[in-house]
Amino acid sequence: MTFLLATENIGKLREMRELLAPLGYELVLPADFGLVLDVEETGETFEENARLKAKIYCAAIGIPSIADDSGLCVDALGGEPGVHSKRYGGGGLSDGELCELLLKNVESTEQRAAKFVSVIVCAFPDGGELVATGECFGEIARERRGDGGFGYDPVFYLPQLGKTMAQLTPEEKNSISHRGNALREFAAKLTEYTTMNDERNLK
Ligand code: ITT
């Protein structure tokens, strides 16, 4: 079976590939079809937005399409930026600027708890779907540290490791991250789904 990785975010793409490639399915990208879709993320939840992206790509290309919607939820900011993580500050900010804006917005509080959330939706051409969710808990650091990963990784501090997410190797990040957790749940559901389909086709 071939799956489309329905994302325009290079960082996400790398992580999705690393975790899904070992499953042995063929993975293709929107660019392989010359497709650039600017999906308007109008949903109020990660799941709604992931479903929106997966369905639009699936309809455009006609093969099962896997989308991730994700973000950083900060307790002191009432869960923001959440589904607005990419567009925090009005949109158009670089990853470095997004990190600085976040640090500024929590500089006066000692409440540093935060979590990353990822929801993966795979939309199938027959209208079926699989949904998986992953979280990763940590704290907002006092300053940016590390240059791995992407997005808010330099300001997401993991007290149990004494490092920010951006100071981890790609393998270390995948082993504990929200996206890693969601993709592991997704992989288990996909195996079950494809086994059930194979059995149905044999009958
Ligand atoms: P696609 O919709 O094309 O997949 P996007 O970057 O627009 O790419 P989202 O709308 O899901 O994706 O925005 C998620 C944002 O949340 C992302 O741009 C980062 O700023 C942040 N984010 C998500 N996962 C992250 C991670 O693993 N590390 C750091 N920041 C992350």
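Check the entry above for the structure.
Each value, and the rule that gives it
- Residues numbered from 1 in each chain as written.
- Predicted model: local features only at pLDDT ≥ 70, side-chain atom pairs only at ≥ 80, totals over all residues.
- Heavy atoms only, no water.
- Near = heavy atom within 4 Å.
- Polar contact = N/O pair within 3.5 Å; in protein donor to acceptor, adjacent residues only side chain to side chain.
- Helix = DSSP H or I, 4+ residues; strand = E, 2+ residues; numbered from the N terminus.
- Nonpolar A, V, L, I, M, F, W, Y, C, P; charged D, E, K, R; others polar.
- Pairing = 2+ DSSP bridges.
- Right-handed = clockwise from strand over helix to strand, strands pointing away.
- Buried < 20%, exposed > 50% of the residue type's maximum accessible area, 1.4 Å probe, protein only.
- Contact = heavy atoms within 4.5 Å.
- Core = buried A, V, L, I, M, F, W, Y, C linked by side-chain atoms within 4.5 Å.
- Salt bridge = Lys/Arg side-chain N within 4 Å of Asp/Glu carboxyl O.
- Phe/Tyr/Trp six-rings, centres within 6.5 Å; stacked < 30°, edge-to-face > 60°.

A.B. asks: Please provide a residue-by-residue account of the site of the ligand, values included.
C.D. replies: Near the ligand there are 20 residues, and of these Thr 7, Lys 12, Lys 53, Asp 153 and Lys 173 occur at the shortest range. Note that an oxygen atom of the ligand is positioned 2.7 Å from one of the side-chain N or O atoms of Lys 53. The contact in question runs from an oxygen atom of the ligand to an N or O atom on the side chain of His 178, over 3.1 Å. Mapped by element, the contributors of at least two residues to the shell around the ligand are β3 (65–74) and α5 (178–202). Top element by residues in the shell around the ligand is β3. It accounts for four residues. Residues of the shell around the ligand, tallied by class, amount to three nonpolar, seven polar and 10 charged.

A.B. asks: Give a detailed account of the pairing of strand β1 (residues 2–5), specifying residues and quantitative values.
C.D. replies: Both β1 and strand β2 (residues 26–28) contribute to a ladder of three bridges, which runs parallel. Paired with Thr 2 across the strands is Glu 26, a residue of β2. This β-α-β element, β1 to helix α1 (residues 10–20) to β2, shows right-handed connectivity. Bridge analysis of β1 against β3 gives two bridges, and the strand direction is parallel. Within β3, the residue paired with Leu 5 across the bridge is Ile 66.

A.B. asks: Give me the side chain of Thr 164: which residues, what numbers.
C.D. replies: Summarising the element assignment, Thr 164 is placed in strand β7 (residues 163–164). For Thr 164, a relative accessible area of 0% translates into the label buried. Other than its neighbours up to four places away in sequence, Thr 164 contacts Arg 145, Gly 146, Asp 153, Pro 154, Phe 156, Tyr 157 and Leu 158.

A.B. asks: Give a description of the nonpolar core that names residues and reports values.
C.D. replies: Ranked by internal contacts, the top residues of the largest apolar core, which has 20 residues, are Leu 4, Phe 46, Tyr 57, Val 119 and Val 121. If you list the elements that add at least two residues to this core, you get α2 (46–61), β3 and β4 (113–123). For this core, the element with the most residues is α2, which contributes six residues. By size, the runner-up hydrophobic cluster in this structure holds 19 residues, among which are Leu 20, Ile 66, Ile 120 and Tyr 193.

A.B. asks: Before we move on, can you summarise the pattern of salt bridges with the specific residues and values?
C.D. replies: Counted under the stated rule, the structure contains 13 salt bridges. Where Arg 144 meets Glu 100, a salt bridge forms, and the shortest distance between an N and an O atom there is 2.8 Å. Highlighted residues: Arg 144 in the loop between β5 (129–140) and β6 (156–158) and Glu 100 in helix α3 (residues 95–105), separated in sequence by 44 residues. A relative accessible area of 42% means that Arg 144 is categorised as partly exposed. Residue Glu 100 is classed as partly exposed on the basis of its relative accessible area of 38%. Residues joined by salt bridges that share partners form a network here, namely Lys 12, Glu 15, Asp 68, Asp 153, Lys 173 and Arg 179.

A.B. asks: A description of the packing of aromatic side chains should follow, citing residues and the corresponding values.
C.D. replies: Given two aromatic rings, one states the distance between the centres and the angle between the planes to describe the pair. What the rule picks out here adds up to four aromatic pairs. Between Phe 3 and Tyr 25, the ring centres sit 5.1 Å apart and the planes meet at 80°, which makes this aromatic pair edge-to-face. Of this pair, Phe 3 sits in strand β1 while Tyr 25 sits in the loop between α1 and β2, and the two are 22 residues apart along the sequence. For Phe 3, a relative accessible area of 1% corresponds to the buried category. Centre to centre, the rings of Phe 3 and Phe 124 are 6.4 Å apart; their planes meet at 80°, and the pair counts as edge-to-face. You can see Phe 3 sitting in strand β1 and its partner Phe 124 sitting in the loop between β4 and β5, a full 121 residues away along the chain. Every member of this aromatic cluster is reached through a ring pair, and the members are Phe 3, Tyr 25, Phe 124 and Tyr 193.

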